Amino acid sequence: KISFVILTLVVFTAILIARSISRPIKALTETSKTISAGNLSARVKIETEDEIGELAQFFNQMTDSLIEAKVNVEQKKAEVEEQKKLLEEVNKELDSFVYTVSHDLRAPLRGIDGFATFLEQDYMDKLDDMGKDHLRRIRAGASRMQKLIDDLLTLSRISRIKNPYED
C-alpha cells in the first residue's frame, strides 16, 4: 500500500514537472505560429525566470526588433516612392525641355543653313576662295548643329525606352 502511494506521488509529481516544462514551450510555439502568420503584436507570457523564461524574454525582444525593422522598411519604401514620383516629374520636365530646346534651336538653324544655301547657289562664282571656305564652314557648322540636336532628341528617347523605372 505504501509503495502504491509513493508510486502515485512520483507519477503525480512527474506529471506536474512535465506540465510546468511543456506549458511554456507550447505557449512559445503557439506565439511563434501567430507571429509567423503576420501578427507581430503577439507576445509570450513570461511565467518563470528559468531558461524557458529567459528564452521567452529573448523571443519577445526578437519580435520587438522585427517590428522596428518592419517600420524602417516601410519608411524606406515610402521614401523610395517619393523619390520615384520626383524622378518621374523631373523626367517629364526634362523631356519637355529637350523638345522645346530642340524646336527653338532648329528654327534659326534652318534660317542660317537656308541663307548659306542661297549664297552658295547665287553667289558661289562671285566669291573668292576665302569666301567659299567661310560658306563651307557655315554649312558644315549648321549640319553639325543639326546632328547634335538630333542626337539630343535620340538620347532623350533612349533613356525613356531602355531605362524605365522598375520596382
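Residues numbered from 1 in each chain as written. Predicted model: local features only at pLDDT ≥ 70, side-chain atom pairs only at ≥ 80, totals over all residues. Heavy atoms only, no water.

**Quick word on the overall build of the protein**
- When you go through the protein residue by residue, the secondary structure sums to 3 helices and 0 strands.
- Each helix (α) and strand (β) of the protein, taken in turn from the N terminus, gives the series α-α-α.
- Radius of gyration (C-alpha) of the protein: 40 Å, far over the 15 Å computed for a compact globule of 167 residues.
- When the backbone C-alpha atoms are referred to their principal axes, the protein occupies close to 140 × 20 × 20 Å.
- The proportion of buried residues among the 167 residues of the protein is 15%.
- Of the contacts formed within the protein by residues at least 6 apart in sequence, a portion of 57% connects residues at least 24 apart.
- Counting every atom, the protein has about 13600 Å² of accessible surface; 62% of that belongs to carbon and sulfur. (Helix = DSSP H or I, 4+ residues; strand = E, 2+ residues; numbered from the N terminus. Rg over C-alpha atoms; globule rule 2.2 N^0.38 Å. Buried < 20%, exposed > 50% of the residue type's maximum accessible area, 1.4 Å probe, protein only. Contact = heavy atoms within 4.5 Å. Areas by Shrake-Rupley, 256 points an atom, 1.4 Å probe, with all protein chains shown as cover.)

**Quick notes on the pattern of salt bridges**
- Here the structure, examined in full by the defined rule, presents 9 salt bridges.
- The residue Lys76 makes a salt bridge to Glu79 at a minimum N-O spacing of 3.9 Å. One end of the pair is Lys76 and the other is Glu79, both in helix 2 (residues 51-123) and 3 residues apart, which spans about a single turn.
- A relative accessible area of 53% places Lys76 in the exposed class. (Salt bridge = Lys/Arg side-chain N within 4 Å of Asp/Glu carboxyl O.)

**Here's the deal with the packing of aromatic side chains**
- Counted under the stated rule, the structure contains 1 aromatic pair.
- Look at Phe115 and Phe118: their rings are 6.2 Å apart centre to centre, the planes differ by 80°, and that puts the pair in the edge-to-face class. You can see Phe115 and its partner Phe118 sitting in helix 2, 3 residues apart, about one turn around the helix.
- Among the residues examined, Phe118 registers a relative accessible area of 48% and is labelled partly exposed. (Phe/Tyr/Trp six-rings, centres within 6.5 Å; stacked < 30°, edge-to-face > 60°.)

**Details of the packing of helix 1 (residues 2-36) against helix 2**
- For the pair helix 1 and helix 2, interaxial distance at closest approach is 10 Å and the crossing angle is 10°. As the angle between them shows, helix 1 and helix 2 are arranged roughly parallel. Mapping the contact onto sequence places Ile21, Pro24, Ile25, Leu28, Thr31, Ser32 and Ile35 in helix 1 and Ile52, Leu55, Ala56, Phe59 and Thr63 in helix 2. (Axes fitted to C-alpha atoms, helices over the stretch in contact; angles between N-to-C directions. Parallel < 35°, antiparallel > 145°, perpendicular 65-115°, else oblique.)

**Some thoughts on the environment of Thr100**
- The residue Thr100 is located in helix 2 in this model.
- It is 83 Å that separates the C-alpha atoms of Thr100 and Ile17, two residues lying 83 residues apart in sequence.
- From its side chain, Thr100 meets the backbone oxygen of Ser96 in a polar contact 2.9 Å long. (Polar contact = N/O pair within 3.5 Å; in protein donor to acceptor, adjacent residues only side chain to side chain.)

**Points about a nonpolar patch on the surface**
- A contiguous nonpolar patch, built from Ile2, Ile6 and Val10 and spanning about 310 Å² of accessible area, is present on the exposed surface.
- In this fold, Ile2 is placed in helix 1.
- Owing to a relative accessible area of 65%, Ile2 belongs among the exposed residues under this scheme. (Patch = residues over 30% accessible without salt bridge, like charges linked within 9 Å, V, L, I, M, F, W, Y side chains within 5 Å.)

**Description of helix 1**
- Here helix 1 spans 50 Å end to end across 35 residues, near enough to the 51 Å set by a 1.5 Å rise per residue.
- The set of residues buried in helix 1 consists of Pro24, Leu28, Thr31 and Ile35.
- For helix 1, the secondary structure elements touched by its buried residues are helix 2.
- Of the residues trailing helix 1, Gly38 is marked for its positive phi of about 115°. (Expected span 1.5 Å × (residues − 1).)

**Section: the side chain of Thr63**
- Within the secondary structure layout, Thr63 lies in helix 2.
- According to the relative accessible area criterion, Thr63 is buried, its value standing at 0%.
- Those residues in contact with Thr63, other than ones at most four positions away along the chain, are Ile35, Leu40, Ala42 and Arg43.

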